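# Geometric and topological summary
Each chain, letter by letter, is given below.
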Amino acid sequence: MTMVELKSEVKRLRRFNQELLEGAIALGRKYTDMGEVADYIPELKKQDPNKIGIAAIEDGELICSGDSEDRFSIQSVVKVILYAIALENFTVDELKKYVGLKPSSKAFNSVIELELSKKNVPVNPFINAGAIVVVALLHRVYKERTLEVIIEKASKFLGEEISYSEEIFVSEKVSSFANRTLTYLMLSRKILPPSLEVEEVLDIYFKSCSLMVNVKNLANMSYCISNNGVSLSGEKVIEPEHARILRTLMATCGTYDYSGDFAVRVGIPAKSGVGGGIVTATIDGYGLAVYSPALDTHGNSYSGVRMLEYLSEKLNLNVY
Ligand code: DON
């Protein structure tokens, strides 16, 4: 066998190949009209629901299909990165005084979930209330450098220097009624301290959610979390133990009150965002992410979930 033949044989034996990703995209396209783009953030209403993309990493190589270059806002996927930074500054037990490790049973911006939770502590860091608390904790540590620290860490996870969209940030800020309700409830219940610089903290949260990524960036992030915190470029981004905690939270809380269904249907730890991205944590040495902005009623990409279900079955990626 020649070297060229050997290389093509190795490619053929890979889990992810172009044909398979295209098969997933073809399947996903059948579902793009089943979901709706997020409309509670006016700027997100402008997204094209027919966009769809997928990116995977295997043997250090990135392969993609569909709208893999298109940029969209990271939204709640950033909550994984925010919690990763929190883990570098606080122990899990310290963090648990402010944000729990329990799955949620209500929408990601639910007020009643917060009201009913023990001592009004947000149940986990991936719902909005939990992520806002995490940003407040990071702000306590990093003060005016907080956003810079977040962007720097996010760029390492995502494999390239990224920045936020001013339009989406402003749009989130002017329509942030639910997030403000959650924030003021947490202030009144003393989860957040009275001295909190509310506007500054919320701005950091909105800007973090407005970071612009493509599905390839999310595949890099997936690789890093799956690979115990070491990025595709070989850089150690987070501790292996922290990567394990993130994977666990993605499995139990990553798709909100759909997490149980997602675990049964797809069986891969994952985190979704209302921009349409879903980042997964698969096997060591692999990366997998999908994108399509039309969402199900829980705020997860409708086609994205279907594509992951398809790939999980085809490639035997189910971890359970
Ligand atoms: O705060 C919000 O509502 C958005 N910036 C993020 C919500 C989100 O992405 C929920 N995810 N599926």
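Predicted, not measured: the structure shown is a model, and the values here were computed from it.

Our next topic: the sheet that holds strand 1 (residues 53-58). Pairing is antiparallel across the open sheet formed by 5 strands, whose spatial order is 2-1-7-6-5. Since the sheet does not close on itself, it has two edges, and those belong to strand 2 (61-66) and strand 5 (270-272), each with one partner. Neighbour-to-neighbour, the strand axes of this sheet turn through a mean angle of 15°, independent of strand direction. In this structure, strand 1 lies alongside strand 2, joined through 6 bridges in antiparallel fashion. By the bridge assignment, Gly 53 is partnered in strand 2 with Gly 66. Relative to strand 2, helix 2 (residues 18-29) is tilted by about 35°, and along the sheet it contacts strand 1 and strand 2. Its contacts with the sheet place helix 11 (residues 215-226) against strand 1, strand 2, strand 6 (277-280) and strand 7 (286-291), and it is angled at close to 145° to strand 7.

Turning to a positive patch on the surface, a few remarks are in order. A surface patch of like charges, here positive, comprises Lys 96, Lys 102, Lys 118 and Lys 119. Mapped onto the elements, Lys 102 comes out in the loop between helix 4 (92-96) and helix 5 (111-116).

Bringing the packing of aromatic side chains into the picture now. Tallying each qualifying case throughout the model produces 7 aromatic pairs. Seen in terms of ring centroids, Phe 108 and Tyr 256 are 5.3 Å apart; in terms of plane orientation they differ by 45°. Their pairing is tilted. Residue Phe 108 is found in the loop between helix 4 and helix 5, and its partner Tyr 256 is found in the loop between helix 12 (240-253) and helix 13 (259-265); the two are separated by 148 residues along the sequence. Comparing Phe 108 with Tyr 256, the two get one shared label, buried. Among the aromatic side chains, those forming a connected cluster through ring pairs are Tyr 40, Phe 108 and Tyr 256. Across the ring face of Phe 169, the terminal group of Lys 207 is positioned such that the distance to the ring centre comes to 4.8 Å.

The rules we used
- Residues numbered from 1 in each chain as written.
- Predicted model: local features only at pLDDT ≥ 70, side-chain atom pairs only at ≥ 80, totals over all residues.
- Heavy atoms only, no water.
- Pairing = 2+ DSSP bridges.
- Helix = DSSP H or I, 4+ residues; strand = E, 2+ residues; numbered from the N terminus.
- Axes fitted to C-alpha atoms, helices over the stretch in contact; angles between N-to-C directions.
- Contact = heavy atoms within 4.5 Å.
- Patch = residues over 30% accessible without salt bridge, like charges linked within 9 Å, V, L, I, M, F, W, Y side chains within 5 Å.
- Areas by Shrake-Rupley, 256 points an atom, 1.4 Å probe, with all protein chains shown as cover.
- Salt bridge = Lys/Arg side-chain N within 4 Å of Asp/Glu carboxyl O.
- Lys, Arg positive; Asp, Glu negative; His and termini not counted.
- Charge placed at Lys NZ, Arg CZ, Asp CG, Glu CD.
- Phe/Tyr/Trp six-rings, centres within 6.5 Å; stacked < 30°, edge-to-face > 60°.
- Buried < 20%, exposed > 50% of the residue type's maximum accessible area, 1.4 Å probe, protein only.
- Lys NZ or Arg CZ within 6 Å of the ring centre and 35° of its normal.

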